[in-house]
Amino acid sequence: MALSLAVSPCPNDTFVFHALVHGLIPGTPEVNLTFADVDVTNTAAERGEFDLVKVSYAALPWLLDDYELLPTGGALGRGCGPLVLAREPGLDLAGKTVAVPGDRTTAYLLFRLWAADRAPGRIEVVPFHQIMPGVAEGKFDAGLVIHEARFTYQRYGLTALADLGEWWESDTGLPIPLGAILAKRGSVDPAQATEWIRNSVSMAWANPDASREFVLANAQEMEPEVVQQHIDLYVNEFTLELGRDGFAAADALLQRAAAAGLTPSVKPFI
């Protein structure tokens, strides 16, 4: 039977999953691939729609009854956190409208933890690609952005009010847990899926040219140099293996969120 997989069309995901999706790993099943932004996969996973799915770490408290966190294939790291952008430096967010890419994204959860004493007046959930233009045009006072936006926001005349990755790392000493790969319980063997994805990551690193056409075709009009910056930043040692620091980062995020009353509590991973 074919395996259903949902990831984003972002370069880190297409780079990581190229070999698995294209049947280049011996012994793997056929893969039916769906591309979707993470706010969509968070909701789809809650309905149990995919065997393997990329979701926000912030969404895990609603998903772990039906899915298991895999120790490979996700997005964690240092120097790669979400940014809070505005047209003017030093903007006070009190009473302001902030555009965010999803209400269960890790970016928004980090924002809520960071902004606990500076809460904005209004939050609007907006498709990611509309956030920076919307802030630049004055539709929103500020915007919360992720991924390649950290390389391109200056083009919109915007300034960074905060780097939530830097804030998180200075406060915890841990990498920032952004995107998680989950395996649906009773549908796919987690150990097998982990091996398949880990092999796919290793093959991507061993022969990066093999995935180039696939990555660029789905890169949403990003320039090749931005695509490479994106891959270099988000595909790292935690993509291959979460390790103790990776699981500790997930625990820190979810325990802080539960303590603040922002998410249900979950059993620690370590």
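Just so it is clear, the model here is predicted, and its values are computed rather than measured. (Residues numbered from 1 in each chain as written. Predicted model: local features only at pLDDT ≥ 70, side-chain atom pairs only at ≥ 80, totals over all residues. Heavy atoms only, no water.)

**Some details on the overall build of the protein chain**
Right, on to step 1. When its secondary structure is counted, the protein chain shows 11 helices and 11 strands.
Right, on to step 2. Relative to the 2.2 N^0.38 estimate, which gives 18 Å for 270 residues, the radius of gyration of the protein chain is 18 Å and therefore close to what a compact globule would have.
Right, on to step 3. Taken along the three principal axes of its C-alpha coordinates, the protein chain extends 55 × 40 × 30 Å.
Right, on to step 4. A buried classification covers 55% of the 270 residues belonging to the protein chain.
Right, on to step 5. Residue pairs at least 24 apart in sequence account for 79% of intrachain contacts in the protein chain once pairs closer than 6 positions are excluded.
Right, on to step 6. Accessible surface, the protein chain: about 11,600 Å² in total, of which carbon and sulfur atoms supply 48%.
Right, on to step 7. When the 19 positive and 34 negative side-chain charges of the protein chain are each reduced to one mean point, those points stand 5 Å apart. (Helix = DSSP H or I, 4+ residues; strand = E, 2+ residues; numbered from the N terminus. Rg over C-alpha atoms; globule rule 2.2 N^0.38 Å. Buried < 20%, exposed > 50% of the residue type's maximum accessible area, 1.4 Å probe, protein only. Contact = heavy atoms within 4.5 Å. Areas by Shrake-Rupley, 256 points an atom, 1.4 Å probe, with all protein chains shown as cover. Lys, Arg positive; Asp, Glu negative; His and termini not counted. Charge placed at Lys NZ, Arg CZ, Asp CG, Glu CD.)

**Looking at the pairing of strand β3 (residues 52-56)**
Right, on to step 1. With five of its five residues buried, β3 lies for the most part within the structure.
Right, on to step 2. Alternating positions in β3 separate into two faces, Leu52, Lys54 and Ser56 on one and Val53 and Val55 on the other, with burial throughout.
Right, on to step 3. Two elements, strand β1 (residues 3-7) and β3, share two bridges in a ladder whose sense is parallel. Its bridge partner lying in β3, alanine 6 is registered against valine 53.
Right, on to step 4. Bridge count between β3 and strand β11 (residues 176-184): five bridges; the pairing is antiparallel. Pairing of valine 55 across the sheet is with alanine 180, part of β11. (Pairing = 2+ DSSP bridges.)

**Let's talk about the side chain of serine 4**
Right, on to step 1. Mapping serine 4 onto the fold places it in strand β1.
Right, on to step 2. In this structure, serine 4 is in contact with Asn32, Glu49, Phe50, Asp51 and Leu52, ignoring residues within four places of it in sequence.

**Brief notes about the packing of aromatic side chains**
Right, on to step 1. Using the criterion set out here, one finds four aromatic pairs in the structure.
Right, on to step 2. Relative to phenylalanine 111, the ring of tyrosine 108 lies with its centre 6.4 Å away and its plane at 20°, an arrangement referred to as stacked. Separated by three residues within a single helix, tyrosine 108 and phenylalanine 111 lie in helix α3 (residues 106-114), roughly one turn from each other. For the residue pair tyrosine 108 and phenylalanine 111, the accessibility class agrees, reading buried in each case.
Right, on to step 3. Of the aromatic side chains, those joined through ring pairs into one cluster are Tyr108, Phe111 and Trp114.
Right, on to step 4. Just above the ring of tryptophan 62 sits the side chain of arginine 104; from NZ or CZ to the centre is 3.8 Å. (Phe/Tyr/Trp six-rings, centres within 6.5 Å; stacked < 30°, edge-to-face > 60°. Lys NZ or Arg CZ within 6 Å of the ring centre and 35° of its normal.)

**Describing the UniProt feature "active site" (unreviewed entry) in the protein chain**
Right, on to step 1. When the UniProt feature table is mapped onto this chain numbering, "active site" (unreviewed entry) sits at His147.
Right, on to step 2. Residue class for histidine 147 comes out buried when judged on its relative accessible area of 18%.
Right, on to step 3. In this structure histidine 147 touches Cys10, His230 and Tyr234, once residues within four positions along its chain are discounted. (UniProt positions renumbered as here; feature names shortened; annotations may be inferred.)

**Structural notes on the nonpolar core**
Right, on to step 1. Formed by 67 residues in total, the largest nonpolar core has its most connected members in Tyr57, Leu60, Phe111 and Leu182.
Right, on to step 2. Not counting chain neighbours up to four residues away, the residues in contact with phenylalanine 111 comprise Val84, Leu93, Val98, Pro120, Ile123, Leu144 and Leu164.
Right, on to step 3. Leu20, Val21, Val215 and Ile231 belong to the second largest nonpolar core, which has 28 residues in total. (Core = buried A, V, L, I, M, F, W, Y, C linked by side-chain atoms within 4.5 Å.)

**Thoughts on the packing of α3 against helix α6 (residues 164-172)**
Right, on to step 1. Where α3 meets α6, the closest approach of the two axes is 10 Å, and the angle between their N-to-C directions is 65°. Where α3 crosses over α6, the handedness of that crossing is left-handed. Contacts from Ala107, Leu110, Phe111, Leu113 and Trp114 of α3 reach α6 at Leu164, Trp167 and Trp168.
Right, on to step 2. For the contact of α3 with α6, the residue count by class is eight nonpolar, no polar and no charged. (Axes fitted to C-alpha atoms, helices over the stretch in contact; angles between N-to-C directions. Left-handed = near helix turned anticlockwise from the far one by under 90°. Nonpolar A, V, L, I, M, F, W, Y, C, P; charged D, E, K, R; others polar.)

**Here we look at the UniProt feature "binding site: substrate" (unreviewed entry) in the protein chain**
Right, on to step 1. UniProt records the feature "binding site: substrate" (unreviewed entry) for Lys54, Val55, Ser56, Thr106 and Ala107 in the present numbering.
Right, on to step 2. With sequence-adjacent residues up to four places away left out, lysine 54 is seen in contact with Ala6, Val7, Asn12, Asp13, Val38, Thr41, Ala75, Gly179, Ala180 and Ile181.
Right, on to step 3. Among the structural elements, valine 55 can be located in strand β3.
Right, on to step 4. In this structure, valine 55 is in contact with Val38, Thr41, Asn42, Ala45, Leu60, Leu63, Leu178, Gly179, Ala180 and Leu182, ignoring residues within four places of it in sequence.

**Some details on the side chain of threonine 239**
Right, on to step 1. Checked against the element boundaries, threonine 239 lands in helix α10 (residues 237-240).
Right, on to step 2. Residue threonine 239 is classed as buried on the basis of its relative accessible area of 0%.
Right, on to step 3. Among the polar contacts made by the side chain of threonine 239, one reaches the main-chain carbonyl oxygen of glycine 74 at a distance of 3.4 Å.
Right, on to step 4. When neighbours within four sequence positions are excluded, threonine 239 is seen to be in contact with Val16, Thr72, Gly73, Gly74, Val201 and Tyr234. (Polar contact = N/O pair within 3.5 Å; in protein donor to acceptor, adjacent residues only side chain to side chain.)

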